[in-house]
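Below, each chain spelled out in residue letters.
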Amino acid sequence: MTVHFIGAGPGAADLITLRGLRILAASKVCLYAGSLVPRELLAECPPDARLVDTAQLTLDRITEELVRAHEEGHDVARLHSGDPSVFSAVAEQMRRLDAAGIPYEVVPGVPAFAAAAAALKRELTVPTVGQTVILTRVAQQATPMPEGEDLATLGRSGALIVLHLAARYVDRVVAELTPHYGADCPAAVVAMASRPDELVLRGTLADIADQVKAAGVVRTAVIMVGRTLGAEQFRDSHLYSAERVHRHATDCAASS
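Worth saying up front: this structure is predicted, and the values here are computed from it rather than measured. Residue indices follow the written sequence of each chain, beginning from 1 at its first position. Selection of residues for local features in this predicted model requires a pLDDT of at least 70, selection of side-chain atom pairs for listing and counting requires 80 or more, and totals for whole chains, interfaces and linings are taken over all residues. Here the side-chain values reflect all heavy atoms present in the structure, with hydrogen atoms and water set aside.

Caption draft 1: Representation of the pairing of strand β2 (residues 29-32) within the structure. Both faces of β2 are covered, namely the face carrying Val-29 and Leu-31 and the face carrying Cys-30 and Tyr-32. Criterion used throughout: strands pair if DSSP finds at least two bridges between them. Only DSSP runs of H or I covering at least 4 residues are called helices, and only runs of E covering at least 2 are called strands; the numbering of each starts at the N terminus. Alignment of β2 against strand β3 (residues 50-53), held across 4 bridges, turns out to be parallel. Within β3, the residue paired with Val-29 across the bridge is Arg-50. The pairing of β2 with strand β4 (residues 76-80) spans 4 bridges and is parallel. For every residue, the accessible area (1.4 Å probe, protein chains only) is compared with the maximum for its type, and the residue is labelled buried under 20%, exposed over 50%, or partly exposed between those bounds.

Right, dumping it as structure tokens:
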């Protein structure tokens, strides 16, 4: 058997990958992250599959379910929202599976920040404006941030910052980033990205906090701050430039 850590995507059921859907349909056991995973996906499980909502389970209880499935010889679809590589808490699960000698694999999914960018209709890396994206969060009622990864430090880069799990602390985010980005810096918040109740807020560091509070956004949201969000005047990418296309054609002719 194998435990498959599957990125279920940001919310819309049809944003899971084909690979993830195929594994889900063949797994006798499915552990899923409560309200974060669309219920429609559970309908793809085999009719006799054991479905386990992990929303209220401790790491020990989750591990027990994985070990039980292993002992019974059943494949497990372990559904996580977004993509398992970012803020998914799979590392500690994999560590325990390593200790137990239980095989596993990871199936990537669409991360929340990508769905948020799609909702904003924005490329996050724009030529001459910004080519770096920082994915982070704030330390409040969660594990402390490592030294040097606080917003005041990260903000010195001027790069586009994407904050997960921070909507409740938007005032703090604004206060710590404004000295580095300026009050006029474009900012956006996307809540419930890709879902029917998706909410998109656009503004600047000067007004985004008021918008968030007025809309009552406190969870399942991504905050973005950076100049690329408002970029209009920038040079075209070299990728499709006439110079590059001509050079590519010349190189191909020379090698033929």
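Caption draft 2: Region of the structure containing the sheet that holds strand β6 (residues 133-136). With respect to topology, 5 strands assemble into an open sheet ordered β6-β7-β10-β8-β9, the strand pairing being mixed. On the outer flanks of this sheet lie β6 and β9 (199-204), each paired with one strand and no other. Neighbour-to-neighbour, the strand axes of the sheet open up by a mean angle of 15°, direction not taken into account. Sheet analysis places β6 next to strand β7 (residues 160-164), joined by 4 bridges and oriented parallel. Among the inter-strand pairings, Leu-135 is bridged to a residue of β7, identified as Val-162. To obtain each axis, a line is fitted to C-alpha atoms, and for helices this fit is confined to the stretch in contact; angles are then taken between N-to-C directions over 0 to 180 degrees.

Caption draft 3: Layout of the environment of Gly-9. Here Gly-9 is to be found in the loop between β1 (3-7) and α1 (18-26). Distance in space between the C-alpha atoms of Gly-9 and Gly-82 is 4.0 Å, their sequence separation being 73 residues. Two residues qualify as a contact provided that any one of their heavy atoms is within 4.5 Å of a heavy atom in the partner residue. Apart from the residues within four sequence positions on either side, Gly-9 is in contact with Leu-15, His-80, Ser-81, Gly-82 and Val-110.

Caption draft 4: Looking closely at the pattern of salt bridges. Salt bridges are counted wherever a side-chain nitrogen of Lys or Arg sits within 4 Å of a carboxyl oxygen of Asp or Glu. Counted under the stated rule, the structure contains 11 salt bridges. With a closest N to O distance of 3.2 Å, Arg-61 and Glu-64 form a salt bridge. Here Glu-64 and Arg-61 lie together in helix α3 (residues 59-72), a separation of 3 residues that amounts to about one turn. The exposure class assigned to Glu-64 is partly exposed, which follows from its relative accessible area of 47%. As a salt-bridge pair, Glu-232 and Arg-122 come within 3.0 Å of each other at their nearest N and O atoms. Placement of the pair is Glu-232 in the loop between β10 (221-225) and α9 (242-255) and Arg-122 in the loop between α5 (112-120) and β6, with a sequence separation of 110 residues. Glu-232 gets classed as exposed once you look at its relative accessible area, which sits at 57%. Residue classification places Arg-122 among the partly exposed positions, given a relative accessible area of 26%. Through salt bridges with shared partners, a single network forms among Arg-50, Arg-61, Glu-64, Glu-65, Arg-68 and Glu-72.

Caption draft 5: Quick look at the packing of helix α7 (residues 170-181) against helix α8 (residues 208-215). In contact at an axis separation of 9 Å, α7 and α8 are set at 175° when each is read in the N-to-C sense. The orientation of α7 with respect to α8, classified from their angle, is roughly antiparallel. Residue-level contacts link Val-170, Asp-171 and Val-174 of α7 to Ile-208, Ala-209, Val-212 and Lys-213 of α8. Classes in brief: Ala, Val, Leu, Ile, Met, Phe, Trp, Tyr, Cys and Pro nonpolar; Asp, Glu, Lys and Arg charged; the others, Gly included, polar. Considering only residue class, the contact of α7 with α8 consists of 5 nonpolar, no polar and 2 charged. Geometric relationships in this document are graded by angle, where less than 35 degrees denotes roughly parallel, more than 145 denotes roughly antiparallel, 65 to 115 denotes roughly perpendicular, and other angles denote oblique.

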